[in-house]
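The residues making up each chain are set out below.
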Amino acid sequence: MRKNSFCNMAGIDYPIIQGAMAWIADSSLAAAVSNAGGLGIIASGNAPIEIVKNEIRRAKKLTDKPFGVNIMLLSDNAKEVAKLVCDEGVKVVTTGAGNPGKYIDMWKEHGVKVIPVVASVALAKRMERAGADAVIAEGCEAGGHIGELTTMALVPQVVDAVNVPVIAAGGIGDKRGVAAAFMLGAEGVQVGTRFLVAKECTVHPNYKNRVIIAKDIDTVITGKSTGHPVRVLRNRLSRQFQLLEKQEEPIEKLEELGKGALVKAVKDGDIHNGSVMAGQIAGLISKEETCEEIIEEMFDLIGLKEKLSELI
Ligand SMILES: Cc1cc2nc3c(=O)[nH]c(=O)nc-3n(C[C@H](O)[C@H](O)[C@H](O)COP(=O)(O)O)c2cc1C
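Below or above, wherever it landed, is the structure these notes cover. (Residues numbered from 1 in each chain as written. Predicted model: local features only at pLDDT ≥ 70, side-chain atom pairs only at ≥ 80, totals over all residues. Heavy atoms only, no water.)

## Re unusual backbone geometry
Thinking step 1. The phi dihedral of W23 is positive, around 70 degrees, even though this residue is not glycine.
Thinking step 2. Relative to the elements of secondary structure, W23 occurs in the loop between strand 1 (16-18) and helix 2 (27-35).
Thinking step 3. Take W23: its relative accessible area is 31%, and that puts it in the partly exposed class.
Thinking step 4. Located in the positive-phi region is E248, a residue other than glycine, with phi close to 55 degrees.
Thinking step 5. Of note, E248 is situated in the loop between helix 11 (236-246) and helix 12 (251-258). (Helix = DSSP H or I, 4+ residues; strand = E, 2+ residues; numbered from the N terminus. Buried < 20%, exposed > 50% of the residue type's maximum accessible area, 1.4 Å probe, protein only.)

Shown next as structure tokens:
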């Protein structure tokens, strides 16, 4: 595949970012994606700084290709991680859940490429003005924390509003999704849910199997009332959560229920009482594969090119 401007900017072969996934996207997954030609990302989530540092150092041993670190701006140690990536010479930073504006100058001084996740045109424009190198426009089909707009509606509007490369995220699970993202004007894709079932992904096998057997309508959104909506696979926990929200219980009660829930699913494999974050595209995903197989399939676009020329 021909490298586009985003590939050249990130130093990668295929215009695909492996989405950060808190407590899941570690050095094993990130290095495997980078070795396969994409951009692997280590998710820092709420992890202690020492763990993040170790993961960065381990990734450097596993790959000599560029990889990135994702910073959840809501987390208590976001500022420390923001500095750590500079000290460790990380090439790319992606950010989730907010506006990383106050760190951008520091990252630029250290030559770190900055790619924030945005869920609106307004934030995309603000990020471009603040010096972002690209933006990830993430639609609400995605797993994890989400905004309001769908990928189909958000991506072309962001593409028209900014001059930096736009990476499409949310609901992209195979080469048809990749082709659709390009047709909307994106220069790359970010994929989370499909990489959950990658062979190199160290998430608990129960979590992987739950994604593999998921049907199209199996995800629900919890946490709308807290201002932090999250897309998860339906289970006992999501039902409890939705009941509390319906009863308009205080936010503290909801936060208590959500505390440690992702780790419960990711590490202990408790897919009934833990938070099994995944996107709507889970219904399309049917088997475990290596990162290399996933990326090769997603960019095998020749057949689709012929199909398009038949249609138009
Ligand atoms: C389990 C899970 C955890 C996630 N955690 C984060 C995170 O820590 N930071 C972030 O910016 N995005 C996070 N995301 C969003 C992904 O990085 C990515 O944008 C999203 O999964 C893309 O949509 P898809 O799930 O349809 O592939 C998470 C997604 C999932 C499924």
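## Regarding the sheet that holds strand 9 (residues 188-191)
Thinking step 1. Spatial ordering of the open sheet is given by 1-9-8-6-5-4-3-2, a layout of eight strands whose pairing is parallel. Lying at the two open borders of the sheet, with one neighbouring strand each, are strand 1 and strand 2 (40-43). The mean inter-strand angle of the sheet, taken between neighbouring strand axes irrespective of direction, is 25 degrees.
Thinking step 2. Looking at chain direction, strand 4 (residues 92-96) and strand 5 (residues 113-118) are connected through four bridges and run parallel. Following the sheet pairing, T94 is matched in strand 5 by I115. (Pairing = 2+ DSSP bridges. Axes fitted to C-alpha atoms, helices over the stretch in contact; angles between N-to-C directions.)

## Details of the packing of helix 4 (residues 78-87) against helix 5 (residues 101-109)
Thinking step 1. Two elements in contact, helix 4 and helix 5, have axes separated by 9 Å at closest approach and are oriented at 15 degrees. Taken together, the axes of helix 4 and helix 5 lie roughly parallel to each other. Between helix 4 and helix 5 lies a crossing whose hand is right-handed. Residues A78, K79, A82, K83, V85 and C86 of helix 4 touch helix 5, and the partners they reach there are Y103, M106 and W107.
Thinking step 2. Classifying every residue of the contact of helix 4 with helix 5 by side-chain character gives seven nonpolar, no polar and two charged. (Parallel < 35°, antiparallel > 145°, perpendicular 65-115°, else oblique. Left-handed = near helix turned anticlockwise from the far one by under 90°. Contact = heavy atoms within 4.5 Å. Nonpolar A, V, L, I, M, F, W, Y, C, P; charged D, E, K, R; others polar.)

## Quick word on the nonpolar core
Buried together is how nonpolar side chains tend to be arranged in soluble globular proteins.
Thinking step 1. I16, L29, W107, F195, Y207 and F299 are the most contacted members of the largest nonpolar core, which totals 78 residues.
Thinking step 2. Tallying contributions element by element places helix 4 first for this core, with six residues.
Thinking step 3. In this structure, C7, I17, L39 and I41 belong to the second largest nonpolar core, which totals 14 residues. (Core = buried A, V, L, I, M, F, W, Y, C linked by side-chain atoms within 4.5 Å.)

## Quick look at a nonpolar patch on the surface
Thinking step 1. A surface patch of nonpolar side chains, about 480 Å² in accessible area, is lined by M183, L308, L311 and I312.
Thinking step 2. By secondary structure assignment, the location of I312 is in the segment after helix 15 (302-311).
Thinking step 3. Judged by relative accessible area, I312 falls into the exposed class, the value being 78%. (Patch = residues over 30% accessible without salt bridge, like charges linked within 9 Å, V, L, I, M, F, W, Y side chains within 5 Å. Areas by Shrake-Rupley, 256 points an atom, 1.4 Å probe, with all protein chains shown as cover. Salt bridge = Lys/Arg side-chain N within 4 Å of Asp/Glu carboxyl O.)

## Side note on the site of the ligand
Thinking step 1. Around the ligand, the surrounding shell holds 19 residues, and the nearest of these are A20, E138, G171, Q190 and T193.
Thinking step 2. At a separation of 3.4 Å, an oxygen atom of the ligand approaches a polar backbone atom of G170.
Thinking step 3. Protein coverage of the free-state accessible area of the ligand, which is 610 Å², stands at 97%.
Thinking step 4. Counting residues per element, the ones that place at least two in the shell around the ligand are strand 3 (67-72) and strand 9.
Thinking step 5. Taken together, the residues that form the shell around the ligand break down as nine nonpolar, nine polar and one charged. (Near = heavy atom within 4 Å. Polar contact = N/O pair within 3.5 Å; in protein donor to acceptor, adjacent residues only side chain to side chain.)

## Structural notes on the pairing of strand 11 (residues 230-233)
The side chains of a regular strand alternate between the sheet's two faces.
Thinking step 1. The side-chain alternation of strand 11 yields two buried faces, one formed by V230 and V232 and the other by R231 and L233.
Thinking step 2. Strand direction decides the pairing type here: strand 7 (residues 144-145) and strand 11, joined by two bridges, are antiparallel. Its bridge partner being in strand 11, H145 is matched across the sheet by V230.

## Digging into the packing of aromatic side chains
Thinking step 1. Counted according to the given criterion, the structure contains two aromatic pairs.
Thinking step 2. Aromatic pair Y103 and W107: ring centres 5.6 Å apart, planes at 40 degrees, arrangement tilted. One end of the pair, Y103, and the other, W107, are both in helix 5, four residues apart, so they sit about a helical turn from each other. Like Y103, the residue W107 is buried in the burial classification. (Phe/Tyr/Trp six-rings, centres within 6.5 Å; stacked < 30°, edge-to-face > 60°.)

## A look at the side chain of S275
Thinking step 1. Along the chain, S275 turns up in the loop between helix 13 (261-266) and helix 14 (291-298).
Thinking step 2. Look at S275 and you get buried, because its relative accessible area is 11%.
Thinking step 3. Once residues within four sequence positions are removed from consideration, S275 is found in contact with Y207, V232, L237, A261, L262 and A265.

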